[in-house]
Every structure is written in C-alpha cells, then in structure tokens.
Amino acid sequence: MSDSENLSSAVLAFIVGACMVFSPATAHDIVPGAPQSKPIVIRNATLHLGNGTTIENGSILFEDGLISEVGASVRLPESAQVIEGAGKHVYPGLIDAYTDLGLREITAVDVTIDNVERGELNPNVRSWVAFNPDSELIPVGRSGGVMLAHVVPGGRLLQGQSGVMQLDGWSYQDMLLEGPVGLCVNWESVVPRGGDSKEKAERYDEQIQELDDLFERARRYGESIAAEESVATDVRLESLLPVINGERPVFVEADRLGAIESAIAFFTSRQIPMVICGGADAMHCVEHLTAHDIPVILVATYRLPRRRSDPVNALYSLPSKLREAGVRFAIAGEGSGYPGGASNIRNLPYHAGVAVAHGLPREEAVRAITQSAAEILGVADRVGTLTAKRHATLIVVDGDVLESDTRVIDAYVQGRKVDLGNKHKQLYRKYEQLP
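Quick notes on the rules
- Residues numbered from 1 in each chain as written.
- Predicted model: local features only at pLDDT ≥ 70, side-chain atom pairs only at ≥ 80, totals over all residues.
- Heavy atoms only, no water.
- Helix = DSSP H or I, 4+ residues; strand = E, 2+ residues; numbered from the N terminus.
- Rg over C-alpha atoms; globule rule 2.2 N^0.38 Å.
- Buried < 20%, exposed > 50% of the residue type's maximum accessible area, 1.4 Å probe, protein only.
- Contact = heavy atoms within 4.5 Å.
- Phe/Tyr/Trp six-rings, centres within 6.5 Å; stacked < 30°, edge-to-face > 60°.
- Expected span 1.5 Å × (residues − 1).
- Patch = residues over 30% accessible without salt bridge, like charges linked within 9 Å, V, L, I, M, F, W, Y side chains within 5 Å.
- Areas by Shrake-Rupley, 256 points an atom, 1.4 Å probe, with all protein chains shown as cover.
- Salt bridge = Lys/Arg side-chain N within 4 Å of Asp/Glu carboxyl O.
- Pairing = 2+ DSSP bridges.
- Axes fitted to C-alpha atoms, helices over the stretch in contact; angles between N-to-C directions.

Per an unreviewed UniProt entry, the chain goes by the name Amidohydrolase-related domain-containing protein and belongs to Rhodopirellula baltica.

Put into structure tokens, the structure is as follows:
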C-alpha cells in the first residue's frame, strides 16, 4: 500500500472513530409502519370512544387508514384481518398537548437540543421543521400509548409556531398532522418575578409596548397586502397575520395567577383567541376563563403545589375543579421547559390517572388526553375519538390505560401498525441475560 493510501486509511479511521466517540445520540432503528393494505376489525373489546363514553364488547372496523364503523357489531369485509379483543381495551391514540418532543433529546448535551432560537421575537419559527423523526424518545412515548404530540418551541416571549405531529413516519413531512396550530408565547417572562417593584413595572411596560408595536406593524403590513400595495416580504409580520386576524390562537405559557390574568387582559382586549398552557393557578381566575371561554392545557398535574399554603394535592385535584367550574381543559405531560420534558412523555396517562384519584371521572380523564386535547388543538375532525371517518390512530391495551401496570399491545397511526419496540425494552432484554 502506498504512503498516500496509508494516509487516507488513517484519516478515514480517525473520522469514524471520532464519530463514535463524540456522537452524543444515535437514531433509533425502528422502521415506520407500512400503509394499511387490508381492512382490520377488532371485535369483542371494550371501546373507550374518547368522548366520555364506552362500548362493552364492541367492535371497530378501519380501512385505508380511516375508521369505517364503530359499535356493538360491524360488517366483516371478506378480506379483513380479524383481531380478537376479548379482555382488551381500545382507546384513541393519546395526545400530549404540550411538549418539546423531537426538539430536545438529552438536556445535558447541548448539541441534542434544538428547541430555542436566538432572540425574543420569533413568531416565524416553525417547530415541525426542526422535529427529529428519529428521536429515541418517540418509540418510548408510543409504548405509553402516545400517538400524537403538540410540539412547541421554547424560548422567551414570542417563541414561534407549533405543530401537531403523528409519532410514526420517515420524516417530519410524513409526521406532520397540522402546522401551524398557533403561536406560542412565554408570558411568564413578561411578568417578572421578585426584585424591585418599580423595575418590574418598567420592564413589564417595555415588553407590552414592544408587543403592541410589533402587532401594529403586522396589522399595517396585512392591510398593505390586502390593498395590493408593493411591500417587501417580512416573514415575521406575515406569520402574525393569522393570529391578529383571529384565525389561530396563541398558546400562552403561564402558571402564576399574575401571568394568567395579565395574558387574558392583553389578548382578549385585542380579540386574539388564546389557550393557557401550564395553568397551575387557573382555579384562582376561573371567572375570567369562563367569561372568555379560554381553554387550559394543564401541564404535569403530577407535581408539587406552587405555594407553601396550598394542599399537597392542589394540582392533582385541579382537573376535577376546572371541570366542575365549566372550564374546558386538556391534560399534558411534562411539557416544554420542564426538567424531564419529552423524556417523560410516556407518563402522560398517569398524569390523567392521578386526576382520577382526586375526583375526575375516569372517562373524563381519558377525554382530557384524547378528544379535549384534539378540540383545543383544532384537529378533532381527524383524531381524538373512535368515530367513523376519523383517522385510525388508536391503541389496544390489556387493561386500564391510566394504570401503570397496563401494557400497550398494538398501536396504529392512520391504520399503519406501529412497532412498539424501544430503547428501554431493548436494554431490559439485554440485562435479562446477565448470568
């Protein structure tokens, strides 16, 4: 071998070795499901429709990725695959309504994090474009029954636009169900914590004025376009038009009472539809939420109370209290900005389960992670319920999905059967072999 060939081999070996040493994360090797090729019937199962009702010993038929029939009995096409569901339960695919799944892999490793852009005013950022379809966290979430996720960008103030992703597919284009869904805003950064009250007030006024100026520029920009005037394209202003025109909501990250009330005052006065995300103090401003019909995405109900004076179960019982007060709500897992974040998306059904233990009816808890989430996100015409003409995005489990010892047996996304393997199961099988 010549000296040049030796040098080339050495360089190649170095590059391969460097990739092995420095690569912080690898893609999962699970192949996405193939398109549905024949009708599938699941019969004699308990069907949880997602709208608060169940059908005992029911059947469901889906064809070409869509649900055809649901009921005590369904037709049986000649070529159908029949799955006996006796003793099993069928649910709509669960929806995590607020997460940074696909944008953040390992919190401690910077190069695996792509959920925040530079600057504070990024209304044009699109979360789904940065979504990693090969994230190791996606198969883990699917094993917990989560088949859809509302993926939100992080950051301060105007964070960007969110998208609803199906958790099976080759690319983000395959997996995108709806995008943009709305504009994500971090209102906790608008209402300062602690410090000098005068400085806080000045900082608050500055940020409100900054937002007002941006929205006013966007309105004038939209008027110029409508008048067919010659204007330079501005992607930031263009991305705000559907929001200020009331066509899409803002998803407002706000936990504290002050932040929630401030956000409601700001957006309702400008006739901009909104959703509160976080909502730990939502019970303290119920009258404002109901008066303006503002839904709440409760993020991580299974967490400690915000105040020392609150009872330990304050957040566990919050879903039940909101339901009694007539506030529309959904339950999400540990969302964007929370320490566990997307790595704990698998625990979504248990956040709903804790709410059941503290007063929320069981099927209402299921609804909070299926139909209610789909309604708030604007995709209820396609997912969230076991209803004819909806996507065949569903799970088959061996018990109550809200219980931790229940296993997901089968899962489908638009009729495609999903491989339920994941890194956790792989390591479990590996260490089972220890002598």
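Asks: What's the story with the overall build of the chain in this structure? I'm lost.
Replies: Of the regular secondary structure elements, the chain holds 12 helices and 16 strands. By the compact-globule yardstick of 22 Å for 435 residues, the chain fits well, its C-alpha radius of gyration being 24 Å. For the C-alpha atoms alone, the extent of the chain along its principal axes is close to 75 × 65 × 55 Å. For the chain, buried positions account for 53% of its 435 residues. Counting only contacts in the chain whose residues sit at least 6 apart along the sequence, the fraction spanning at least 24 positions is 67%.

Asks: Any chance you could explain the packing of aromatic side chains here in plain terms?
Replies: Counting across every chain of the model gives 6 aromatic pairs. Note on Phe215 and Phe266: the rings are 6.1 Å apart at their centroids and 50° apart in plane angle, and the pair reads as tilted. You can see Phe215 sitting in helix α4 (residues 197-226) and its partner Phe266 sitting in helix α6 (residues 257-269), a full 51 residues away along the chain. The same class applies to Phe215 and to Phe266, which are both buried.

Asks: How should I be thinking about α6 in this particular structure?
Replies: Residues spaced three or four apart along an α-helix face the same direction, because each turn holds 3.6 residues. Taking 1.5 Å per residue as the helical rise, α6 with its 13 residues ought to reach 18 Å, and the 18 Å between its terminal C-alpha atoms agrees with that figure. Three or more residues of α6 are buried, namely Ala259, Ile260, Ser262, Ala263, Ile264, Phe266 and Phe267. The inward-facing, buried residues of α6 contact β9 (176-186), α4, β10 (250-254), β11 (274-278) and α7 (286-291). Gln271 sits one or two positions beyond α6 and adopts a positive phi of about 55°.

Asks: I keep staring at a nonpolar patch on the surface and nothing clicks. Help me out?
Replies: A cluster of nonpolar side chains, Leu427, Tyr431 and Leu434, forms an exposed patch at the surface whose accessible area comes to about 310 Å². Here Leu434 lies in the segment after α12 (423-432). Judged by its relative accessible area of 56%, Leu434 falls in the exposed class.

Asks: What am I meant to see in the sheet that holds strand β13 (residues 329-332) here?
Replies: Hydrogen bonds along the backbone pair up the strands of a sheet, which may run parallel or antiparallel. As summarised here, the arrangement of the 8 strands in space is β6-β7-β8-β9-β10-β11-β12-β13, forming an open sheet in which the pairing is mixed. Every other strand in the sheet has two partners, leaving β6 (94-99) and β13 as the edge strands with one partner each. This sheet shows a mean twist of 25° between the axes of neighbouring strands, independent of strand direction. Judged from the 3 bridges that link them, β11 and strand β12 (residues 296-299) form a sheet pairing that is parallel.

Asks: I keep staring at the environment of Ser135 and nothing clicks. Help me out?
Replies: Tracing the backbone through its elements, the reader meets Ser135 in the loop between β6 and α2 (137-143). For Ser135, a relative accessible area of 0% corresponds to the buried category.

Asks: What is the right way to look at the pattern of salt bridges in this model?
Replies: Two side chains of opposite charge can pair, provided their charged atoms sit close to one another. Using the criterion set out here, one finds 25 salt bridges in the structure. Measuring nitrogen to oxygen at the nearest pair gives 3.1 Å for the salt bridge that ties Asp255 to Arg303. Separated by 48 residues along the polypeptide, Asp255 in the loop between β10 and α6 and Arg303 in the loop between β12 and α8 (318-325) bring together distant segments of the chain. Comparing Asp255 with Arg303, the two get one shared label, buried.

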